[in-house]
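# Observations on the three-dimensional arrangement
Listed below, chain by chain, are the residues.
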Amino acid sequence: LDRGRLDRARRMGAREVRFVSENPLEVRVKEYGIVVDLEGKRIVHNCEDWAKSMHQGRFCKHVGCVFLSLPADRARALLQAIATDRDAWTFGVPEA
């Protein structure tokens, strides 16, 4: 997450986030859906910025907002799991 995306994620805040399910973690941020599947080692999200930047391993503001909205210890554990085994994770958009 670059500084600009992080700033936008912070401005969005928790009021924009609705947690739908826990396992896998399914979240709505505004009109966008995000799935973080720890077991399947994948993140799926449906915004244009994500579709353009996921191949470089960059998170968009919506994904950043999800991690900022989680309890700090859970966010840290998820991010550590991703960073530790980065090559095993897949980042995608929902299939049409």
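Okay, so let's go over this structure. Every value quoted in this text rests on a predicted model; they were computed, and no experiment measured them.

Scanning the entire structure with this criterion turns up 4 aromatic pairs. On the basis of an interplanar angle of 5° and a centroid distance of 5.7 Å, the ring pair of Phe 59 and Phe 67 is categorised as stacked. For Phe 59, a relative accessible area of 13% corresponds to the buried category. Residue classification places Phe 67 among the buried positions, given a relative accessible area of 7%. An aromatic cluster is present here, built from Trp 50, Phe 59, Phe 67 and Phe 91 joined pairwise through their rings.

A separate point is the pairing of strand β2 (residues 25-29). Only one face of β2 is covered, namely the face carrying Leu 25, Val 27 and Val 29; the face carrying Glu 26 and Arg 28 is uncovered. Across 4 bridges, the pairing between strand β1 (residues 17-21) and β2 is antiparallel. Across the sheet, Phe 19 pairs through a bridge with Val 27, a residue of β2. Between β1 and the antiparallel strand that follows it, β2, lie 3 residues. With 5 bridges connecting them, β2 and strand β3 (residues 32-37) associate as antiparallel partners. The residue of β3 that forms the bridge with Arg 28 is Gly 33.

All right, on to the pattern of salt bridges then. Per the counting criterion, the structure on display carries 5 salt bridges. For the salt bridge of Glu 22 with Arg 74, the shortest nitrogen-to-oxygen distance reads 2.7 Å. Here Arg 74 lies in helix α4 (residues 72-84) and Glu 22 lies in the loop between β1 and β2, a separation of 52 residues in the sequence. Of the charged contacts in the structure, one is a salt bridge between Asp 37 and Arg 42, with a shortest N-O distance of 3.4 Å. Here Asp 37 falls in the buried class, since its relative accessible area comes to 13%. One network of salt bridges, with partners in common, ties together Asp 2, Arg 5 and Asp 49.

Bringing the sheet that holds β3 into the picture now. Taken in spatial order, the 5 strands make up an open sheet running β1-β2-β3-β4-β5, and their pairing is mixed. Looking at which strands have only one partner, the edges of the open sheet turn out to be β1 and β5 (90-92). Across the sheet, the mean angle separating the axes of adjacent strands is 15° when strand polarity is ignored.

Residues Asn 23 and Pro 24 are joined by a peptide bond in cis, for which omega reads 0°. Its place among the elements puts Pro 24 in the loop between β1 and β2. Of note in this structure, Lys 30 is not a glycine but carries a positive phi near 55°. Of note, Lys 30 is situated in the loop between β2 and β3. Classification of Lys 30 by relative accessible area gives partly exposed; the value is 43%. Although it is not a glycine, Lys 41 adopts a positive phi angle of roughly 50°.

So, how was this worked out
- Residues numbered from 1 in each chain as written.
- Predicted model: local features only at pLDDT ≥ 70, side-chain atom pairs only at ≥ 80, totals over all residues.
- Heavy atoms only, no water.
- Phe/Tyr/Trp six-rings, centres within 6.5 Å; stacked < 30°, edge-to-face > 60°.
- Buried < 20%, exposed > 50% of the residue type's maximum accessible area, 1.4 Å probe, protein only.
- Helix = DSSP H or I, 4+ residues; strand = E, 2+ residues; numbered from the N terminus.
- Pairing = 2+ DSSP bridges.
- Salt bridge = Lys/Arg side-chain N within 4 Å of Asp/Glu carboxyl O.
- Axes fitted to C-alpha atoms, helices over the stretch in contact; angles between N-to-C directions.

Coordinates in, geometry out; function isn't part of it.
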